Amino acid sequence: MLERLPRPLALLVLGLFLLACAWCFAAPPQAPNVVSTQEYTDLQLFRDITARVASGAPYHEAAAETHRAHAYPLRPFVTVREPTLFVLAARLGWPMMQALAFGLVAGALIAWAAALRALVSPAERWGALAGIALASLAIANVGLLAGTEPWVGLLLSIALACRLRGLPRAELAAVGAALLLRELALPYALLALAFAALRREWRVAGRWLALIGLFAAFMAVHAYFQLQTVRPGDIVSPGWSGGLGLRGFLMGVAYTSVWQVLPQPLALLLALLPALGWMALAGRGGLFAQLLLGGYALMLMLFARSDNFYWGFTVMPMWFAGYALLPRAGGQLVRAIRTG
């Protein structure tokens, strides 16, 4: 992708990237709005809801009572997560859910190893797999698995690998599973539908449209049962219009990965670097990946509040695969500037 840019555009891309790198060190430090360990957290909320469901309470009733008891919003209906993860965890238990998460990581590594074989060099393939493994370390903390976003990120990573490998049905299944967990997976399905429509692949477009329709029906049922539990005095969410810009996305990546232990300027820089790497991947699969990851980055920039940094899990672990493509991106930019 980068090598085909005219010299002025290549210089612009390089200049903007270097400017963003400099911003990481020049911007005033600002940690995400995370409550202290002594306070009640979202993850504790989800675990308490799961415990109530395990004891026999209907999910929406358990969710409403727990939200209300800890002053969490109940309006609009999307403030209450879809029931899939918590009902499953109530049946299986969190240790078994962690084993399932490790299985998804193994599946992601296998899928990416197969997908990248024809696209990049062996060194890049191994580097990408190392990046995916590094980004997957979060699931070693079983407490984080009470959030839906790590699961969505793993499933979307598998879906993207299936697309790059040419396995449309497996891709559809992975996205469908992600949609059962959180509506944040919907942009993937919409982008896949748009790609199929633009390429006039009507059968494929029909499958994606059917999946989106099933998701809409699922959400309608979820909304119906959730709204039955709402009372007039229940709290309304402050909304999702954080407008944090580049910081919102980079903090989302940094604070959902191992980089969170580093000084913030360095963590933000390391979170930024894969963006350039992903720009080096050519072909329709590369374009899809770039639009997908760029779209999620834009979503965090525009809509995430400071306490929504965990949305960064939606691009993990596939985002870290971009580290392996950095040398390729640098070489492409140099050639574009020299020969453009």
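Values in this document were obtained by computation on a predicted structure and should not be read as measured data.

**Some details on the overall build of the chain**
A tally of helices and strands in the chain yields 15 helices and zero strands. Taking 20 Å as the expected radius of gyration for a compact globule of 340 residues, we find that the chain reaches 21 Å, a close match to that expectation. Each principal axis of the C-alpha atoms in the chain carries an extent, and together these give about 65 × 50 × 35 Å. Across the chain, every contact between residues at least 6 apart in sequence was considered, and the portion connecting residues at least 24 apart equals 78%. For the chain, the computed accessible surface area is about 15200 Å², with 69% contributed by carbon and sulfur atoms. Seen as two clouds, the 25 positive and the 14 negative side-chain charges of the chain have centres 13 Å apart.

**Re the pattern of salt bridges**
Tallying each qualifying case throughout the model produces 10 salt bridges. For Glu183, the salt bridge goes to Arg182, with nearest N and O atoms at 3.3 Å. For Arg182, a relative accessible area of 5% gives the class buried. A cluster of three or more residues bridged by salt bridges with shared partners is formed by Arg81, Glu149, Arg182 and Glu183.

**Describing the side chain of Thr256**
Assignment of secondary structure puts Thr256 in the loop between α11 (246-254) and α12 (264-272). By relative accessible area, Thr256 is classed as buried at 2%. At 2.5 Å, the side chain of Thr256 forms a polar contact with the backbone oxygen of Gly252. Separated by 3.3 Å, the side chain of Thr256 and the backbone oxygen of Val253 make a polar contact. Setting aside its immediate chain neighbours within four residues, Thr256 contacts Ala138, Phe309, Tyr310, Gly312, Phe313 and Met316.

**Digging into a nonpolar patch on the surface**
A cluster of nonpolar side chains, contributed by Leu9, Leu12, Leu16 and Leu19, occupies part of the molecular surface with about 390 Å² of accessible area. Structurally, Leu12 is set in helix α1 (residues 7-26).

**Considerations on the packing of aromatic side chains**
Scanning the entire structure with this criterion turns up 14 aromatic pairs. Where Tyr59 meets Phe86, the ring centres are 6.0 Å apart and the plane angle is 0°; that geometry is what we call stacked. One end of the pair, Tyr59, is in helix α3 (residues 59-69); the other, Phe86, is in helix α4 (residues 84-92), and 27 residues separate them in sequence. For the pair shown, Tyr59 and Phe86 are each scored as buried. Relative to Tyr310, the ring of Phe309 has its centre 6.0 Å away and its plane inclined at 70°; by these criteria the two rings are edge-to-face. Taken together through their ring pairs, the aromatic side chains of Tyr188, Phe195, Trp208 and Phe288 make up a single cluster. Across from the ring centre of Phe288, 3.9 Å away, lies the NZ or CZ of Arg163, which sits over that ring.

**Structural notes on the environment of Tyr59**
Residue classification places Tyr59 among the buried positions, given a relative accessible area of 8%. For the pair formed by Tyr59 and Cys162, sequence separation is 103 residues and the distance between their alpha carbons is 33 Å. Setting aside residues up to four positions removed in sequence, Tyr59 forms contacts with Ile49, Val53, Val80, Arg81, Glu82, Pro83, Phe86 and Val87.

Conventions and cut-offs
- Residues numbered from 1 in each chain as written.
- Predicted model: local features only at pLDDT ≥ 70, side-chain atom pairs only at ≥ 80, totals over all residues.
- Heavy atoms only, no water.
- Helix = DSSP H or I, 4+ residues; strand = E, 2+ residues; numbered from the N terminus.
- Rg over C-alpha atoms; globule rule 2.2 N^0.38 Å.
- Contact = heavy atoms within 4.5 Å.
- Areas by Shrake-Rupley, 256 points an atom, 1.4 Å probe, with all protein chains shown as cover.
- Lys, Arg positive; Asp, Glu negative; His and termini not counted.
- Charge placed at Lys NZ, Arg CZ, Asp CG, Glu CD.
- Salt bridge = Lys/Arg side-chain N within 4 Å of Asp/Glu carboxyl O.
- Buried < 20%, exposed > 50% of the residue type's maximum accessible area, 1.4 Å probe, protein only.
- Polar contact = N/O pair within 3.5 Å; in protein donor to acceptor, adjacent residues only side chain to side chain.
- Patch = residues over 30% accessible without salt bridge, like charges linked within 9 Å, V, L, I, M, F, W, Y side chains within 5 Å.
- Phe/Tyr/Trp six-rings, centres within 6.5 Å; stacked < 30°, edge-to-face > 60°.
- Lys NZ or Arg CZ within 6 Å of the ring centre and 35° of its normal.

Note that all results are geometric; they support no functional claim without further evidence.
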